[in-house]
Amino acid sequence: MLQSTNWVRRLGWLAVAGLGAAAIGVIALHRGETINSLWLVTAAVCVYSLGYRFYAAWIAAKVLVIDPTRATPAERLNNGRDYWPTHRWLAFGHHFAAIAGPGPLIGPTLAAQFGYLPGTLWILVGGVLGGCVQDMVTLFFSVRRNGRSLGQMARDELGPVGGWAALLGTFVIMIILIAVLGLVVVNAMKHSPWATSTVAATIPIAVFVGLYLHRFRPGQVLEGSIIGVALLLGAVFLGGWISHQPAWAVWFDHPGLPLAWSIMIYGFMAAVLPVWLLLAPRDYLSTVLKLGTVVLLAVAIVVMQPDLKMPAVTQFIDGTGPVFGGKVFPFVFITIACGAISGFHSLVASGTTPKMVSSEGDIRLIGYGSMALESFVAIMALIAATLLDPGVYFAINSPAGIVGATAAEAVATISSWGFTVDEAQMHALAASMGESTLFGRTGGAPSLAVGMASIFASAFGQGLLSVWYHFAIMFEAVFILTTLDAGTRVGRFMLQDMLGHLHPALGRTSWYPSVLLTSAIVVGGWGYFLYVGVIDPNGGVNLLWPLFGIANQMLAAIALCVGTSILVKSGRARYAWITGVPLAWLAVVTTTAVWEKLFSTDVRVGFHAAANDLAAKLAAGLLPPEKAAIAPQLIFNQRLDAWIAVFLLAVLWIVVADMLRVCSRALRGIESGTSEAPYVATQLGQAST
């Protein structure tokens, strides 16, 4: 009986593999007018299922040798604040909510300017072989090292040179990443009372649920989930009511800068409040909302089976794209970022999450499983973006500086590219979404919301199209803000670690003077770059997103360097390829991207080219007064971005060189041993298997 059951399982998995291969073949080879979106969903489900069932299980059992009987730092160092043994599904919810920021939503949406094929292939391959592996390996090694941060592990395992380079580099990268998260939220809420009021309501809702689960009804997760989700859905409808009441709408109708200040205040509060009060409940509610929305989106796609309207490959692979400048290589990889592999995840996997994991047996689910789910979200986002008429897609995502300041100019420019769109169509679309205009709504979030709303409305009723649109905006903003608050907290941990070498008290994560000081410094750092993006006339995306992608992928490479060195030093060099192969690819991609951003003569690609072009126009008096007023700031920021890119590239190769040195010494028997904490048996009595 057991043998026959095993054969059935094997045949079932062979069928999954065959179906996945067929779906990928159709996606890669199809060159007709349209392709059904169901092929992308099928390929994704098959690939992620196979990766989790076999590759992740093999890594957990053979490479990492996960031990559920071993006490985790959440148990041994429990202080009720940062270290806190958490139920596996709550920990999964926190981790998924913290890592699933704008990358899997915005990156694929922006990369759709190249067509659906390049992004789809990279999301599938990069996710299973790169991103999921990085997340699980980093989480495991951090758990084994008392929840140490990535920078701390780099210093412990690589030595002072590579370690300090990684520590400083990861902190700078973190600042840039969080700034872009905030920019996407600002662009989505700008002059939209419905979106702003809805997103604002999610904060007190999260605090209420935190109090409910921690003080009023401890352990009643299902109750808290139902109440929280009901309140979130109510916030969407309340936002619609507010937007139609002039007396109320004026309180939530703001330009970019006031919204940016509000997000900075939120980030500071999230970093200093106890994890159970805001971070954990908000992340858990976000996960419930995210999972429900993604499942609902997948069901709607399966039911409706819509065709993709964007071609497999567009003419913009040559680098002339209006959404952002740069050729398909290397910029599709830089732009997709979190949907395939994300360095930011390594900061969460070595920041808040390892301090919450109650059993090593949960690491495969939390690490590999969360990233596989995020990668699936990226596929959903790519589908939603490419279901739009290409003309509509480019009208929403192209900045006024590229297509023209007026609707007529934008329509004429986009039509000259061969994509049909007209003013009446865009005005009708904006009205149906409950917005005044959708032209030039850069950042990817609005176009993704339009795509999601169209899918939901087609499947569940056209009458609520504007509600679906603002639900999608809330869905995206919740995704992003949960990453922003966790990122700020992780940045605080990293800065405290560095300052602890100057004064020991500053390194104590629970000492409130240090908490307040370091949180303020972190928020001030990313707040500056957020300000830079908000004042940029082109929406900040072309300025900050490439730097975001480069920084993100470099951080992933640093995490893979640390993982590779630990594998080699611990006597598992034969398995080092699982981290070494994606590391080599990322090193090539990021180095090429930095070279392009530094030396390209295209003003939409090269930092120096853009700065010099703007400086020349300013000197010649060719800029309008409003742009001339901020031109010096924009010129400075372009050149600052160039120097940051150089710094990050130097950090990457210093860490790679130190990793190769350490691995060489370990292979020759000169260096061995790691900073792994001693074994202590768990006392929780509920270790997962």
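Position numbers for residues start from 1 in each chain and track the written sequence from start to end. It should be noted that, the model being predicted, local features are given only for residues of pLDDT at least 70 and side-chain atom pairs only at 80 or more, the latter also being counted only at that level, while totals for whole chains, interfaces and linings use all residues. For side-chain calculations, the full set of non-hydrogen atoms in the structure is used, while hydrogens and water are omitted.

Description of the overall build of the protein
Turning to step 1, where the next piece is worked out: When helices and strands are counted, the protein shows 27 helices and 2 strands.
Turning to step 2, where the next piece is worked out: Accessibility here uses a 1.4 Å probe with only protein chains present; expressed as a share of the type maximum, an area under 20% marks a residue as buried, one over 50% as exposed, and anything in between as partly exposed. Every one of the 689 residues in the protein was classed for burial, and the buried ones make up 61%.
Turning to step 3, where the next piece is worked out: We call two residues contacting when some pair of their heavy atoms lies within 4.5 Å. Residue pairs in contact within the protein that sit at least 24 positions apart in sequence constitute 83% of those at least 6 positions apart.
Turning to step 4, where the next piece is worked out: Carbon and sulfur atoms make up 68% of the accessible area of the protein, which totals about 24,100 Å². Only runs of H or I of at least four residues qualify as helices and only runs of E of at least two qualify as strands under DSSP, and these elements are numbered from the N terminus. Here the Shrake-Rupley method, with its probe set to 1.4 Å, supplies the accessible areas, and only the displayed protein chains count as covering residues.

A few points about the packing of aromatic side chains
Turning to step 1, where the next piece is worked out: Aromatic rings from Phe, Tyr and Trp, with only the six-membered ring used for Trp, were paired whenever their centres fell within 6.5 Å, and each pair was classed as stacked if the ring planes differed by under 30 degrees, edge-to-face if by over 60, and tilted otherwise. If you walk through the whole model with that rule in mind, you get 21 aromatic pairs.
Turning to step 2, where the next piece is worked out: Ring geometry for Trp13 versus Phe54: centroids 5.3 Å apart, planes at 80 degrees, classification edge-to-face. Of this pair, Trp13 sits in helix α1 (residues 2-29) while Phe54 sits in helix α2 (residues 38-64), and the two are 41 residues apart along the sequence.
Turning to step 3, where the next piece is worked out: The class of Phe54 is partly exposed, set by a relative accessible area of 39%.
Turning to step 4, where the next piece is worked out: Ring centres 5.5 Å apart and planes at 80 degrees place the aromatic pair Trp58 and Tyr575 in the edge-to-face group. Taken together, the positions of Trp58 in helix α2 and Tyr575 in the loop between α24 (541-569) and α25 (577-599) put the pair 517 residues apart, joining distant regions of the chain.
Turning to step 5, where the next piece is worked out: Classification of Trp58 as partly exposed rests on a relative accessible area of 30%.
Turning to step 6, where the next piece is worked out: Among the aromatic residues, ring-to-ring pairing joins Phe316, Tyr393, Phe394, Trp417 and Phe419 into one connected group.
Turning to step 7, where the next piece is worked out: We count a charge as sitting over a ring when the NZ of a lysine or the CZ of an arginine lies within 6 Å of the ring centre and within 35 degrees of the ring normal. Over the face of the ring belonging to Tyr52 we find Arg364, whose NZ or CZ atom lies 4.1 Å from the ring centre.

Digging into the environment of Ala179
Turning to step 1, where the next piece is worked out: Position of Ala179 among the secondary structure elements: in helix α8 (residues 160-189).
Turning to step 2, where the next piece is worked out: Given the relative accessible area of 1%, Ala179 is considered buried.
Turning to step 3, where the next piece is worked out: For the pair Ala179 and Phe548, spaced 369 residues apart in sequence, the C-alpha separation works out to 8.8 Å.

Regarding the confidence of the model for the protein
Turning to step 1, where the next piece is worked out: For every residue, the predictor assigns a confidence score, pLDDT, that lies between 0 and 100. Mean pLDDT over the protein stands at 82; residues scoring 70 or higher make up 90%.
Turning to step 2, where the next piece is worked out: Averaged pLDDT values over the elements of the protein bottom out at 69 in helix α18 (residues 400-403) and peak at 95 in helix α6 (residues 116-143).

Some remarks on the nonpolar core
Turning to step 1, where the next piece is worked out: Counting 216 residues, the largest nonpolar core has Tyr48, Leu64, Ile379, Met380, Ile383, Leu438 and Trp526 as the members making the most contacts within it.
Turning to step 2, where the next piece is worked out: Residue contributions to this core peak at 20 residues, all from helix α22 (residues 465-499).
Turning to step 3, where the next piece is worked out: Here, the term nonpolar core denotes a set of buried Ala, Val, Leu, Ile, Met, Phe, Trp, Tyr and Cys residues that are joined through side-chain atoms within 4.5 Å. In terms of nonpolar packing, the next biggest core, distinct from the first, is built from 6 residues, Ala611, Leu614, Leu623 and Leu634 among them.

What about a nonpolar patch on the surface?
Turning to step 1, where the next piece is worked out: Residues Val295, Leu296, Val299, Val303, Met304 and Phe460 make up a contiguous nonpolar surface patch of roughly 500 Å² in combined accessible area.
Turning to step 2, where the next piece is worked out: Summarising the element assignment, Val299 is placed in helix α13 (residues 275-304).
Turning to step 3, where the next piece is worked out: Residue Val299 is classed as partly exposed on the basis of its relative accessible area of 40%. What makes a patch is a set of residues exposed beyond 30% relative accessible area and free of salt bridges, joined within 9 Å when like-charged and within 5 Å when nonpolar (Val, Leu, Ile, Met, Phe, Trp, Tyr). Here a salt bridge means any side-chain nitrogen of Lys or Arg lying within 4 Å of a carboxyl oxygen belonging to Asp or Glu.

As for the pattern of salt bridges
Where charged atoms from two side chains of opposite charge come close, those side chains can pair.
Turning to step 1, where the next piece is worked out: Applying the stated criterion across every chain yields a total of 11 salt bridges.
Turning to step 2, where the next piece is worked out: Arg145 is the partner of Glu157 in a salt bridge, and the nearest nitrogen-oxygen pair spans 3.1 Å. Linking Glu157 in helix α7 (residues 150-158) with Arg145 in the loop between α6 and α7, this pair joins segments that are 12 residues apart in sequence.
Turning to step 3, where the next piece is worked out: Residues Lys569 and Glu157 are paired through a salt bridge, measuring 3.0 Å at the closest nitrogen-oxygen approach. On the criterion of sequence distance, the pair formed by Lys569 in helix α24 and Glu157 in helix α7 is long-range, its members being 412 residues apart.

A look at the packing of helix α12 (residues 256-272) against helix α23 (residues 512-535)
Packed helices, taken two at a time, are described by the angle between their axes plus the distance between the axes.
Turning to step 1, where the next piece is worked out: Look at α12 against α23: their axes get within 9 Å of each other, and the N-to-C directions meet at 155 degrees. Our classification of the angle between α12 and α23 gives roughly antiparallel. In the packing of α12 onto α23, the handedness of the crossing is right-handed. On the side of α12, the interface is formed by Gly256, Leu257, Ala260, Ile263, Met264, Gly267, Phe268, Ala271 and Val272, while α23 contributes Tyr512, Val515, Leu516, Ser519, Ala520, Val523, Trp526, Gly527, Leu530, Tyr531, Val534 and Ile535.
Turning to step 2, where the next piece is worked out: When residue character is reported, Ala, Val, Leu, Ile, Met, Phe, Trp, Tyr, Cys and Pro are called nonpolar, Asp, Glu, Lys and Arg charged, and the others, Gly included, polar. Here the residues of the contact of α12 with α23 sort into 17 nonpolar, 4 polar and no charged. Only the contacting stretch of a helix is used when fitting its axis, a line to C-alpha atoms as for every element, and angles between N-to-C directions run 0 to 180 degrees. The labels follow the angle: roughly parallel below 35 degrees, roughly antiparallel above 145, roughly perpendicular from 65 to 115, and oblique for the rest. Here a crossing is called left-handed whenever its near helix is offset anticlockwise from the far helix by less than a right angle, and right-handed whenever the offset is clockwise.

Structural notes on the environment of Leu347
Turning to step 1, where the next piece is worked out: Position of Leu347 among the secondary structure elements: in helix α15 (residues 343-349).
Turning to step 2, where the next piece is worked out: On the basis of relative accessible area, Leu347 is assigned to the buried category, the value being 2%.
Turning to step 3, where the next piece is worked out: Sequence separation between Leu347 and Gly151 is 196 residues, and the spatial gap between their C-alpha atoms is 8.8 Å.
Turning to step 4, where the next piece is worked out: Here Leu347 is in contact with Leu150, Thr170, Met174, Val490, Met494 and Leu555, once residues within four sequence places are set aside.

Describing the packing of α2 against helix α16 (residues 363-386)
Turning to step 1, where the next piece is worked out: Direction vectors running N to C along α2 and α16 enclose 165 degrees, while the axes themselves pass 10 Å from each other. As summarised for this structure, α2 and α16 are arranged roughly antiparallel, according to the angle between their axes. Viewed along their axes, α2 and α16 form a crossing whose handedness is right-handed. Taken together, the residues of α16 that come into contact with α2 (itself represented by Leu40, Val41, Ala44, Val45, Tyr48, Gly51, Tyr52, Arg53, Tyr55, Ala56 and Ala57) are Arg364, Leu365, Tyr368, Gly369, Ala372, Ser375, Phe376, Ile379, Met380 and Ile383.
Turning to step 2, where the next piece is worked out: Residue composition of the contact of α2 with α16, grouped by class: 16 nonpolar, 3 polar and 2 charged.

Focus: unusual backbone geometry
Turning to step 1, where the next piece is worked out: Cis geometry marks the peptide bond from Phe329 to Pro330, where omega comes out at 10 degrees.
Turning to step 2, where the next piece is worked out: Mapped onto the secondary structure, Pro330 falls in helix α14 (residues 328-336).
Turning to step 3, where the next piece is worked out: Positive phi values are uncommon outside glycine, yet Ala337 reaches one of about 45 degrees.
Turning to step 4, where the next piece is worked out: Looking at the element boundaries, Ala337 is found in the loop between α14 and α15.
Turning to step 5, where the next piece is worked out: According to the relative accessible area criterion, Ala337 is buried, its value standing at 0%.

Section: the side chain of Thr579
Turning to step 1, where the next piece is worked out: By the secondary structure assignment, Thr579 is in helix α25.
Turning to step 2, where the next piece is worked out: For Thr579, a relative accessible area of 1% puts it in the buried group.
Turning to step 3, where the next piece is worked out: Two N or O atoms form a polar contact when they lie within 3.5 Å of each other; inside protein one atom must be a possible hydrogen donor and the other a possible acceptor, and for residues adjacent in sequence the pair counts only when both atoms belong to side chains. A polar side-chain atom of Thr579 sits 3.2 Å from the main-chain carbonyl oxygen of Ala576.
Turning to step 4, where the next piece is worked out: Each residue touching Thr579, except ones within four places of it in the same chain, is listed here: Val133, Val137, Leu560, Gly563, Thr564 and Leu567.

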